[in-house]
Amino acid sequence: MSTTIETKVSESIRLTQYSHGAGCGCKIAPQVLDKILHSSIVLPTDENLLVGNSSRDDAAVYNIGNGQALISTTDFFMPIVDDPFQFGCIASANAISDVYAMGGRPILAIAILGWPLDKLSPDIAQQVLEGSRHICKQAGISLAGGHSIDAPEPIFGLAVNGLVAHEHLKQNNTAQEGDLLFLTKRIGVGILTTAEKKGILQNDHIGLAAEQMMQLNSIGLQLSRFNSVSAMTDVTGFGLLGHLKEICDGSNLSATIALSSIPLICENLNEYIMQQAVPGGTNRNWAGYGKDVQLEAGIDESIAIPILADPQTSGGLLICVKANDSSEIIDLLTTYNMHTEPIGYLEKRKEKSIIVID
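Reading the values: the criteria
- Residues numbered from 1 in each chain as written.
- Predicted model: local features only at pLDDT ≥ 70, side-chain atom pairs only at ≥ 80, totals over all residues.
- Heavy atoms only, no water.
- Helix = DSSP H or I, 4+ residues; strand = E, 2+ residues; numbered from the N terminus.
- Expected span 1.5 Å × (residues − 1).
- Buried < 20%, exposed > 50% of the residue type's maximum accessible area, 1.4 Å probe, protein only.
- Arc of directions from axis to C-beta.
- Contact = heavy atoms within 4.5 Å.
- Pairing = 2+ DSSP bridges.
- Axes fitted to C-alpha atoms, helices over the stretch in contact; angles between N-to-C directions.
- Phe/Tyr/Trp six-rings, centres within 6.5 Å; stacked < 30°, edge-to-face > 60°.
- Salt bridge = Lys/Arg side-chain N within 4 Å of Asp/Glu carboxyl O.
- pLDDT = per-residue confidence, 0-100.
- Patch = residues over 30% accessible without salt bridge, like charges linked within 9 Å, V, L, I, M, F, W, Y side chains within 5 Å.
- Areas by Shrake-Rupley, 256 points an atom, 1.4 Å probe, with all protein chains shown as cover.

Here helix H3 (residues 122-139) contains 18 residues, and its C-alpha end-to-end distance of 26 Å stays within 8% of the 26 Å for a straight helix at 1.5 Å per residue. Within H3, burial applies to Ile124, Ala125, Val128, Leu129, Gly131, Ser132, Ile135, Cys136 and Ala139. What you see down the axis of H3 is that its buried residues fit within an arc of 150 degrees, all on one side. Those residues of H3 that are exposed and angled more than 90 degrees off the buried face are Asp123 and Lys137. Where H3 is buried, its residues contact helix H2 (84-101), strand E4 (105-115), strand E5 (142-150) and strand E6 (155-165).

In structure tokens, the structure reads:
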């Protein structure tokens, strides 16, 4: 459920001034990542590796016997907020999310820290780690160790392990035709954080993005128990469209989503877009997969694309649910005070991966 996290604000430090990127917007563009991941080396087959690099899933999964599997993931980035405690909270919630997105229970985390010691004191890094410990405590796990280096820009994240029963494992390439699509967090984090950097963020919206980013996706553990959930992933740096495309391509389906049904982090998000509060990652995202998206006639591209391709940091879960069994999922989302209206549905494969209607 939504919780408000008290933070330790440092008025004299603005972490975002010390990095060239922010949050999951630091992600390498999808088409560039394809080139990086390409390899001619054929690795030995491991029958216990249930999920590996052959799919675009949220984490690796390894069979450890007795019907249990180990989930292993890592995620780190540069500051998306100025407050070091909040930065630690957000980076940690984001990394742990990969375990929840696959239906797992996190059991252990270790820290990844890069720190510009010539620019920022160790005391500030300590506050980042305190934020991480705060979130790890909420998730019921220990921050059990880690590794640190002297780096030109501040970097923080976690490597996280989790456990999942085989029958509860959720992947992003197992969606089924007719599934409804649900989203557990609102879209627009990248836009709001960019507006804050530009100095145009309205008073009513101060802290709104940070509060959402610090929320754990722990509902994923409960969702994994439902057979009605066909597939699941979390929405991060590639934006809603990017992660939905991974579901569609992996499952050999197409999706139709309604722009008007997508929950937005604030009502007047359009005003920020019109003031050019659009992160650079948005354009990289659209350049990478825009050719696979069909926008219905009449949709204002100048508004739709910045929303649909907005990089989300510690974003929500994107859930594929069998239409006939969706009531139990809606009840769970209601309990967590989350958006309960489907944003779209999956259908037979078409020429485009995603069709956006008004």
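Before going further, it helps to examine the sheet that holds strand E9 (residues 253-258). The pairing of strands in a sheet comes from backbone hydrogen bonds and takes either a parallel or an antiparallel form. Across the sheet, which stays open at both edges, the 7 strands sit in the order E8-E11-E7-E12-E9-E13-E10 with mixed pairing between neighbours. Edge positions in the sheet fall to strand E8 (229-234) and strand E10 (293-295), since each has one partner strand and no second. Along the sheet, successive strands turn relative to each other by an average axial angle of 20 degrees, direction set aside. As defined by bridge partners, strand E7 (residues 180-183) adjoins strand E11 (residues 317-321) across 4 bridges and the pair is classed as antiparallel. Counterpart to Leu180 in the pairing with E11 is Val321. Sheet strands touched by helix H7 (residues 239-251): E7, E8, E9, E10, E11, strand E12 (344-348) and strand E13 (354-357). Its angle to E9, the strand with the most contacts, is close to 150 degrees. On top of the sheet, helix H11 (residues 326-335) reaches E7, E8 and E11; it is set at about 5 degrees to E7, its chief contact.

Before going further, it helps to examine the packing of aromatic side chains. The relative placement of two aromatic rings is captured by the distance of their centres and the angle of their planes. Within the structure shown, the criterion is met by 2 aromatic pairs. Seen in terms of ring centroids, Phe77 and Phe87 are 6.3 Å apart; in terms of plane orientation they differ by 40 degrees. Their pairing is tilted. You can see Phe77 sitting in strand E3 (residues 68-77) and its partner Phe87 sitting in helix H2, a full 10 residues away along the chain. With respect to burial, Phe77 and Phe87 carry one shared label: buried. When the centroid spacing of 6.4 Å and the interplanar angle of 70 degrees are considered together, the rings of Phe87 and Phe156 count as edge-to-face. Here the residue Phe87 occupies a position in helix H2, and Phe156 occupies one in strand E6, the gap between them amounting to 69 residues. In this structure, Phe87 and Phe156 share a single accessibility class: buried. Among the aromatic residues, those joined into a cluster by ring pairs are Phe77, Phe87 and Phe156.

Across the sheet, which stays open at both edges, the 6 strands sit in the order E1-E2-E3-E6-E4-E5 with mixed pairing between neighbours. Of all strands in the sheet, those bounded by a partner on one side alone are strand E1 (49-51) and E5. The mean angle between the axes of side-by-side strands here comes to 25 degrees, regardless of whether they run parallel or antiparallel. On the sheet, H2 packs against E3, E4 and E6 and is oriented at approximately 30 degrees with respect to E6. Where H3 meets the sheet, its contacts fall on E4, E5 and E6, and the angle it forms with E4 comes to roughly 170 degrees.

Attention shifts here to the pairing of E12. Two elements, E7 and E12, share 2 bridges in a ladder whose sense is antiparallel. Bridge pairing in E12 places Leu181 opposite Gly344. Sheet topology note: the E9/E12 ladder contains 5 bridges and is antiparallel. Bridge pairing in E12 places Ser254 opposite Glu347.

Close approach of charged atoms allows side chains of opposite charge to pair. Under the definition given, this model contains 7 salt bridges. With a shortest N-O distance of 3.9 Å, Lys291 and Asp292 are connected by a salt bridge. Across the salt bridge formed by Glu347 and Lys350, the nearest N and O atoms sit 3.2 Å from each other. Take Lys350: its relative accessible area is 43%, and that puts it in the partly exposed class. Members of the salt-bridge network, linked through shared partners, are Lys245, Asp249, Lys291, Asp292 and Arg349.

Summary statistics for the chain give a mean pLDDT of 92 and a share of 93% for residues scoring 70 or more. Note that residues 1-10 has pLDDT below 50 and, in this model, 27 contacts with residues that lie over four places away or in other chains.

What follows concerns a nonpolar patch on the surface. A surface patch of nonpolar side chains, amounting to about 330 Å² of accessible area, comprises Ile28, Val32, Ile36 and Leu37. Counting through the fold element by element, Val32 comes out in helix H1 (residues 30-37).

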